[in-house]
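# Structure at a glance
As a plain string of letters, each chain reads:
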Amino acid sequence: TTDGGFILAGTVYHDTEFQGMLVKTDASGVEQWTHEYGDTGDFNDDCLWSVQETSDGGYITVGYTDSSGAGEVDSWLIKTDSSGSEQWSKTFGGAEDEYTFSVIQANDTGYILAGYTDSFGAGGFDTYVVKTYSDGDMQWSQTYGGAKGDFGTCVCEAKDKGYVVAGYTLSMGGGSRDFYVLKIT
């Protein structure tokens, strides 16, 4: 983080449920704060996988939830302030499952998420990319892939203001699982 510390995203298990968790440390790794996010009902899976500091000093984190949203499991985006207090939370997805593993703040101060979906696309799981405005409202979403599974696991912004998504594919390539790199303009 800009103060020399570290921010970690993860998941904590409590008896019958998972909740997303952020932990902020100083430069020596000493915990400064911890926050849990998600529903506290039984048998919920609310998991966080990626976090980034935002231009306002807060944090953007992404994962998936089955305690809210449109489908069984939905992509889950949370914006916090600098102390980890939730400012807003958004879900994205359809009637089936969506998982999101990577998020960055784009140069336009919106956010770009990468993961995969079973609700939309060509078949099986397909790479799922969501672009939001700075308030987390969806700007656009797109799927990429073939008849078998295609999984986006990482996203970054390219110098030409497009995006690069990396992951793995079962639809293309020479083996059962091959690296998958996608350039979006």
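Note that the coordinates shown come from a computational prediction; the quantities given were computed from them, not determined experimentally.

## What about the nonpolar core?
Counting 12 residues, the largest nonpolar core is built from Ile-104, Ala-106, Ile-112, Ala-114, Val-129, Tyr-144, Val-155, Tyr-163, Val-165, Tyr-180, Leu-182 and Ile-184. At the level of elements, β9 (111–117), β13 (163–169) and β14 (178–184) are the ones that each hand at least two residues to this core. If one sorts the elements of this core by residue count, β14 sits on top with three residues. Filtering out sequence-adjacent residues up to four positions away, Tyr-180 remains in contact with Thr-127, Tyr-144, Gly-145, Asp-150, Phe-151, Val-165, Ala-166, Gly-167, Tyr-168, Thr-169 and Met-172. By size, the runner-up hydrophobic cluster in this structure holds 10 residues, among which are Ile-60, Trp-88, Val-103 and Val-130.

## A closer look at the sheet that holds β13
What holds strands together in a sheet is hydrogen bonding between their backbones, with the strands either parallel or antiparallel. With antiparallel pairing, the three strands of this open sheet are ordered in space as β12-β13-β14. At either margin of the open sheet sits one strand with a lone partner, and together these are β12 (150–157) and β14. Direction aside, neighbouring strands of the sheet carry axes that sit 25 degrees apart on average. Here β13 pairs with β14 via seven bridges, running antiparallel. Note that in β14 the partner of Tyr-163 across the bridge is Ile-184.

## Side note on the environment of Ser-68
Looking at where Ser-68 falls in the secondary structure, it is placed in the loop between β5 (59–65) and β6 (74–80). C-alpha separation for the pair Ser-68 and Asp-39, spaced 29 residues apart in sequence, amounts to 8.2 Å. When near neighbours in sequence (up to four residues on either side) are disregarded, Ser-68 contacts Asp-74 and Thr-91.

## Description of the sheet that holds strand β1 (residues 6–14)
Ordered in space as β1-β2-β3, the three strands form an open sheet in which the pairing is antiparallel. Looking at strand neighbours, the two that pair on one side only are β1 and β3 (31–37), the edges of this open sheet. Recorded for the sheet is a direction-independent mean angle of 25 degrees between the axes of neighbouring strands. Here β1 pairs with strand β2 (residues 17–25) via nine bridges, running antiparallel. When the sheet's bridge partners are listed, Phe-6 is paired in β2 with Thr-25.

## Overview of the packing of aromatic side chains
Applying the stated criterion across every chain yields a total of 14 aromatic pairs. Members of the aromatic cluster, each reached through a chain of ring pairs, are Trp-49, Tyr-64, Tyr-99, Phe-101, Tyr-116, Phe-125, Phe-151 and Tyr-168.

## A word on unusual backbone geometry
Of note in the backbone geometry, Thr-109 takes a positive phi value of approximately 75 degrees without being a glycine. Position of Thr-109 among the secondary structure elements: in the loop between β8 (98–105) and β9. Even without being glycine, Lys-161 reaches a positive phi, approximately 75 degrees. Note on placement: Lys-161 falls in the loop between β12 and β13.

Cut-off values and rules
Residues numbered from 1 in each chain as written. Predicted model: local features only at pLDDT ≥ 70, side-chain atom pairs only at ≥ 80, totals over all residues. Heavy atoms only, no water. Core = buried A, V, L, I, M, F, W, Y, C linked by side-chain atoms within 4.5 Å. Buried < 20%, exposed > 50% of the residue type's maximum accessible area, 1.4 Å probe, protein only. Helix = DSSP H or I, 4+ residues; strand = E, 2+ residues; numbered from the N terminus. Contact = heavy atoms within 4.5 Å. Pairing = 2+ DSSP bridges. Axes fitted to C-alpha atoms, helices over the stretch in contact; angles between N-to-C directions. Phe/Tyr/Trp six-rings, centres within 6.5 Å; stacked < 30°, edge-to-face > 60°.

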